[in-house]
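One letter stands for each residue in the lines below.
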Amino acid sequence: MAAAVRIFLLVLLLLGPGGWGQAEPPRDSLREELVITPLPSGDVAATFQFRTRWDSELQREWVSHYRLFPKALGQLISKYSLRELHLSLTQGFWRTRYWGTPFLQAPSGAELWAWFQETVTDVDESWKELSNVLSGIFCASLNFIDSTNTVTPTASFKPLGLANGTDHSFLRYAVLPREVVCTENLTPWKKLLPCSSKAGLSVLLKADRLFHTSYHSQAVHIRPVCRNARCTSVSWELRQTLSVVFDAFVTGQGKKDWSLFRMFSRTLTEPCPLALESRVYVDITSYGQDNETLEVYPPPLTTYQDVILGTRKTYAVYDLLDAAVVSNSRSLNIQLKWKRPPENEAPPVPFLYAQRYVSGYGLQSGELSTLLYNTHPYRAFPVLLLDSVPWYLRLYVHTLTITSKGKENKPSERSPQPAPPPPLPLHVPQHLSSQGYIHYQPAQDRMQPHLLEMLIQLPANSITKVSIQFERALLKWTEYTPDPNHGFYVSPSVLSALVPSVVAAKPGDWEESPLFNSLFPVSDSSSYFVRLYTEPLLVSLPTPDFSMPYNVVCLTCTVVAVCYGSFYNLLTRTFQIEEPRKGGLAKRLANLVRRARGVPPL
Amino acid sequence: MVDTCFLSQGLTTLAGLLLLPFGSLAASQIEDQAEQFFRSGHTNNWAVLVCTSRFWFNYRHVANTLSVYRSVKRLGIPDSHIVLMLADDMACNPRNPKPATVYSHKNMELNVYGDDVEVDYRSYEVTVENFLRVLTGRIPSSTPRSKRLLSDDRSNILIYMTGHGGNGFLKFQDSEEITNIELADAFEQMWQKRRYNELLFIIDTCQGASMYERFYSPNIMALASSQVGEDSLSHQPDPAVGVHLMDRYTFYVLEFLEEINPASQTNMNDLFQVCPKSLCVSTPGHRTDLFQRDPKNVLITDFFGSVRKVEITTETLSLQPDSGVIESRNLHTVFHSGCTNLHFHQQCTRVLFTCWLALVICCLLKMGILTGMR
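Residues numbered from 1 in each chain as written. Chains lettered and ligands numbered in written order. Predicted model: local features only at pLDDT ≥ 70, side-chain atom pairs only at ≥ 80, totals over all residues. Heavy atoms only, no water.

S.K.: Explain the interface of chain B and chain A to me, please; I cannot follow it from the model alone.
M.R.: Reports of interface size often rely on the accessible area that becomes lost once the parts have come together. Facing 24 residues of chain B, the contacting portion of chain A comprises 28 residues. Here chain B and chain A share an interface that buries about 2,300 Å² over both sides, 52% of which is from carbon and sulfur atoms. Taken together, the links from chain B to chain A amount to six salt bridges. Between Asp-116 of chain B and Lys-191 of chain A there is a salt bridge; the shortest N-O distance is 3.6 Å. The tally of links from chain B across to chain A stands at 16 residue pairs in polar contact (both at pLDDT 80 or more). Split into classes, the residues belonging to the side of chain B that touches chain A amount to eleven nonpolar, five polar and eight charged. (Contact = heavy atoms within 4.5 Å. Buried area = accessible area lost by both parts, 1.4 Å probe. Salt bridge = Lys/Arg side-chain N within 4 Å of Asp/Glu carboxyl O. Polar contact = N/O pair within 3.5 Å; in protein donor to acceptor, adjacent residues only side chain to side chain. Nonpolar A, V, L, I, M, F, W, Y, C, P; charged D, E, K, R; others polar.)

Set out below in structure tokens:
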């Protein structure tokens, strides 16, 4: 009897809250990963990824309770009717030639691009307010984003999340190459993480180690994703990524060994209690299963194999939620030791990389050149190149030349035909690859920059050079920065391409797999999507000498005083003869007194 | 045993009666305390910290501002109430041998940049226009909250400026200046709009005293690192970093502030003595004629910290002007709960002293009784 009563009470308790018809709060989950990749040049790249997924439809429901998803970003999405937001702050440059294709590259400085919902009436107004709010949240000068550095790309950027249609008038893209990244940008970024920097992988985020690196990039990506396989409802995904490249030779005293403690000055102690998954992946591809060249300590319990960026890679996996991993010493310090020095072989060259430079002499004209390298032995593939050049470099589009292997390679100028809406989000419009595509929007002084987007076919095993000549404009004296002799920055070019894979990827559950596969899903597994950025360029403009107004005033006043004053004196003064004064001291004193009184002397 | 208890009780009452005058003194102090508690000067604290110099060789100005930021944060003012403006980035400058650090003492003893810094106005945003807009509150509507000075008429504001200056002006980023007249007018606008209760203005530049000569609004206290005609000098270079790390005046102010904690009773007169001519080479100056309170009654934490006035008591306190009732009740209060009022720092020392004196006399009497008993 007592047991029956107890069971009844238990059932009542379980049904109670649900039984009244209250909706349960939307579920959210956090997955955190750290991928450590030794790079071919001897440096070590560490990439953090924190994915917070929230099963809530922010646009339709009124949300009052935020748990793992940060409130600052949730309110941003609902207030500005955002569909997607991508913000990155980067210091340094990813050298694709020596380091390989990156998981996710970002241009130097600050990059912000956003897709707005179709319900937004004034996209420019929302864009301006959004950049102001983000400048307050991330302590960056994003309020300098205005119409002079914002462009609306038409082909290079497609929505990375769910999208009904792709009307490019709801997309805005801006880059601030001059933006500095330092601890004040890392602090609010860390505060958005559910475990802040107290537990889990985020304890490794110490500013004085993270900024002592060759490349530091932190980013926030927000996009809507399907909640289930049938895609009946929408969830929001927030991805916070941080990539750093440590110069191992500096930190490792000449050896290529590394350890977590040496890189981050911290070790891992416990997973974030709020995390669903908390894993560390170490790339052990190049060195196979034998332990003769190198040794990873502590030995991994599992390994993971997948096709990442077109090649098959093997990773040693350390799962922090698995008690066996962190059991003994309560701290996990992953180390890699080289048993014998590796042979000096040429590092593998990625299939696509680019370089950009300014040439010319003097302060009147110059030439912008971009070199695109396709090192694949037999496959040619197209690349979408996006160039955004500030208005004060006046481009002459008739001088645009594209040459590959010495021959001219002009993209056809036919306008692209409208394509049927693709079932999955595509990142390079494949229907355009057979035709040419070129879109040019000229600059308007002080209002908008140049925008040049082209689809270029890169022949196999070739270098393609895209060059265009420009002339420098003279700015008004109030438009110069306080340090104009430093130069003015040109934002990096964006290259979007589907690069052929060495190994075909097997289609899997993209959302669940780690390691950035899920950020750029592609329907065709024989190639993978990559977005590369070139270096930002520094261009000197003719700068006036700002001390000249002061110099002119001084000089003019001196000349006027000397010349005119002398003439005036000559013309208006009368001359009198004065007798030399004779007399003793008394007379001189008396004369002094008389002079003081204003009376003629004796 | 009963006898001794009775005797000790009797002597305690005697001691109590002897201490009645002390008690009444304490009672009036409690009354003052209570009155002052409800007539408090300020309820919140803000800080506007500005570094106006650009370029690597002006590292010391950024270090100056960051050391004041560090002290102010340590003493309780949160980031949301601090507007920090740094005209150039020194920590992640390519010329900094230790990235993400700004040192104030040589041999890299103290990193004033820290791990938790939030800079509101950076780089090209630090202009005269933005500074005046922050002070007067006339900012565009799209400015985020962290970049606004949302003070009210009960706010105590600390304004610290450093950079290169001259007689009557302060240079911003080597391209524009703010004059002392503009600054005085901005403070008058703040007064008219009731944007501050009391304002402390500290400036560390050459000829800094010229910047506060023209103030005419009430409740402003000003300090400067040098008089008109004098230069403020820098403190010490560091061979690893390669530049001078701090200015002398702010270096000694930082050392002074490191001794302060949120409960300390140090007042402004101590701050005026901080850097004598022997250490600073220039003569620091101050101006208090516009300030209503006496500087010796003004605590450092009134401006540099964010100390909340909290009174914790287990007794009920009657605030009627009936002195008889207050005396007897407050005598009790003095012995039992007056000594636990730790947060009322202004009058607490006097109450504590009275308390301590009473207890000591009690103990001595008791000991006397006990020894006498043997």
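S.K.: Teacher, can you tell me more about the confidence of the model for chain A here?
M.R.: Any residue range with low pLDDT should be treated as having predicted coordinates unsuitable for detailed reading. In this model, chain A carries a mean pLDDT of 84, and residues with pLDDT of at least 70 account for 83%. The low-confidence segment residues 413–433 of chain A (pLDDT under 50) makes 37 contacts with residues lying over four places distant or belonging to another chain. (pLDDT = per-residue confidence, 0-100.)

S.K.: Help me out: how do you make sense of the sheet that holds strand β9 (residues 258–259) of chain A in this one?
M.R.: Within a sheet, adjacent strands bond to each other through the backbone by hydrogen bonds, running parallel or antiparallel. Residue and element names in this part refer to chain A. Spatially, the three strands line up as an open sheet ordered β9-β14-β11, and their pairing is antiparallel. Since the sheet does not close on itself, it has two edges, and those belong to β9 and β11 (294–297), each with one partner. Here four bridges tie β11 to strand β14 (residues 335–338), and the two strands are oriented antiparallel to one another. The residue of β14 that forms the bridge with Glu-295 is Lys-337. (Pairing = 2+ DSSP bridges. Helix = DSSP H or I, 4+ residues; strand = E, 2+ residues; numbered from the N terminus.)

S.K.: Teacher, can you tell me more about the packing of aromatic side chains here?
M.R.: When we look at a pair of aromatic rings, we describe it by the centre distance and by the angle of the planes. Residues and elements named next belong to chain A. Per the counting criterion, the structure on display carries 27 aromatic pairs over all chains. Between the aromatic rings of Phe-48 and Phe-264, the centroid separation amounts to 5.7 Å while the plane-to-plane angle is 75°, which identifies the pairing as edge-to-face. Here the residue Phe-48 occupies a position in strand β2 (residues 44–54), and Phe-264 occupies one in helix α8 (residues 260–264), the gap between them amounting to 216 residues. Considered together, Phe-48 and Phe-264 belong to a single accessibility category, that of buried residues. When the centroid spacing of 4.8 Å and the interplanar angle of 55° are considered together, the rings of Trp-113 and Phe-157 count as tilted. (Phe/Tyr/Trp six-rings, centres within 6.5 Å; stacked < 30°, edge-to-face > 60°. Buried < 20%, exposed > 50% of the residue type's maximum accessible area, 1.4 Å probe, protein only.)

S.K.: I would appreciate a short explanation of the state of the cysteines in the present structure.
M.R.: Disulfides are covalent bonds that connect the sulfur atoms of two cysteines. Per the counting criterion, the structure on display carries four disulfides over all chains. Two residues, Cys-182 of chain A and Cys-92 of chain B, share a disulfide whose sulfurs are 2.1 Å apart. Handedness here is read from the sign of the S-S torsion; for Cys-182 of chain A and Cys-92 of chain B, about 80°, the answer is right-handed. Residue Cys-182 of chain A is located in the loop between β6 (171–176) and α5 (183–191), and its partner Cys-92 of chain B is located in the loop between β2 (82–86) and β3 (121–122); the two belong to separate chains. An identical accessibility class is assigned to Cys-182 of chain A and Cys-92 of chain B; each is buried. Each sulfur in the disulfide pair Cys-195 of chain A and Cys-272 of chain A lies 1.8 Å from the other. Taking the sign of the torsion about the S-S bond as the criterion, the disulfide between Cys-195 of chain A and Cys-272 of chain A, at about 80°, is right-handed. Placement of the pair is Cys-195 of chain A in the loop between α5 and α6 (207–210) and Cys-272 of chain A in the loop between α8 and β10 (277–283), with a sequence separation of 77 residues. Each member of the pair, Cys-195 of chain A as well as Cys-272 of chain A, carries the same accessibility label: buried. (Disulfide = S-S within 2.5 Å.)

S.K.: Sorry if this is basic, but what is going on with the nonpolar core here?
M.R.: Most often, soluble globular proteins have nonpolar side chains that are buried together. Within the largest apolar cluster, 137 residues are counted, with the highest numbers of intra-cluster contacts made by Leu-130 of chain A together with Leu-66 and Phe-304 of chain B. If sequence neighbours within four positions are ignored, Leu-130 of chain A has contacts with Leu-76, Tyr-80, Leu-82, Leu-85, Ala-114 and Phe-116 of chain A. (Core = buried A, V, L, I, M, F, W, Y, C linked by side-chain atoms within 4.5 Å.)

S.K.: Sorry, what's going on with a nonpolar patch on the surface here?
M.R.: The grouping of Leu-585, Leu-589, Leu-592 and Val-593 of chain A at the surface amounts to a nonpolar patch, some 400 Å² of accessible area in total. With respect to the secondary-structure elements, Val-593 of chain A resides in helix α10 (residues 585–597). (Patch = residues over 30% accessible without salt bridge, like charges linked within 9 Å, V, L, I, M, F, W, Y side chains within 5 Å. Areas by Shrake-Rupley, 256 points an atom, 1.4 Å probe, with all protein chains shown as cover.)

S.K.: Is there a simple way to think about helix α2 (residues 71–80) of chain A in this case?
M.R.: Residue and element names in this part refer to chain A. Listed in full, the buried residues belonging to α2 are Leu-73, Gly-74, Leu-76, Ile-77 and Tyr-80. Taken down its axis, α2 places every buried residue within 160° of arc, on the same side. For α2, the elements touching its buried residues are β3 (82–92), β4 (109–116), α4 (123–138), β7 (215–226) and β8 (234–246). One or two residues past the end of α2 sits Ser-81, with phi positive at roughly 50°. (Arc of directions from axis to C-beta.)

S.K.: Sorry if this is basic, but what is going on with the sheet that holds strand β25 (residues 527–533) of chain A here?
M.R.: Residues and elements named next belong to chain A. One open sheet accounts for five strands, arranged β20-β21-β17-β24-β25; its pairing is antiparallel. Among the strands making up the open sheet, the edge pair consists of β20 (437–441) and β25. Here the average twist between neighbouring strands, direction ignored, is 15°. Bridge analysis of strand β24 (residues 494–500) against β25 gives seven bridges, and the strand direction is antiparallel. If you follow Val-499 over to β25, its bridge partner there is Tyr-528. (Axes fitted to C-alpha atoms, helices over the stretch in contact; angles between N-to-C directions.)

S.K.: Any chance you could explain the pattern of salt bridges here in plain terms?
M.R.: Opposite charge on two side chains permits pairing when their charged atoms draw close. Scanning the model with the defined rule gives 33 salt bridges over all chains in all. The residue Glu-118 of chain A makes a salt bridge to Arg-83 of chain A at a minimum N-O spacing of 3.6 Å. Of this pair, Glu-118 of chain A sits in the loop between β4 and α4 while Arg-83 of chain A sits in strand β3, and the two are 35 residues apart along the sequence. By relative accessible area, Glu-118 of chain A is classed as partly exposed at 40%. With a relative accessible area of 6%, Arg-83 of chain A lands in the buried category. Here Glu-230 of chain B ties to Lys-277 of chain B by a salt bridge, and the two come within 3.7 Å at their closest N and O atoms. Pair noted here: Glu-230 of chain B is in the loop between β9 (220–224) and α6 (248–258) and Lys-277 of chain B is in helix α8 (residues 277–280), with a separation of 47 residues, a long-range link. Given a relative accessible area of 19%, Glu-230 of chain B falls into the buried group.

S.K.: Sorry, what's going on with the confidence of the model for chain B here?
M.R.: Residue and element names in this part refer to chain B. Residues with a pLDDT of 70 or more make up 76% of chain B, whose mean pLDDT is 83. Counting interchain partners and residues more than four positions distant, the pLDDT-below-50 stretch residues 325–349 has 47 contacts. Under the prediction, the complex receives an ipTM of 0.84, its pTM being 0.81.

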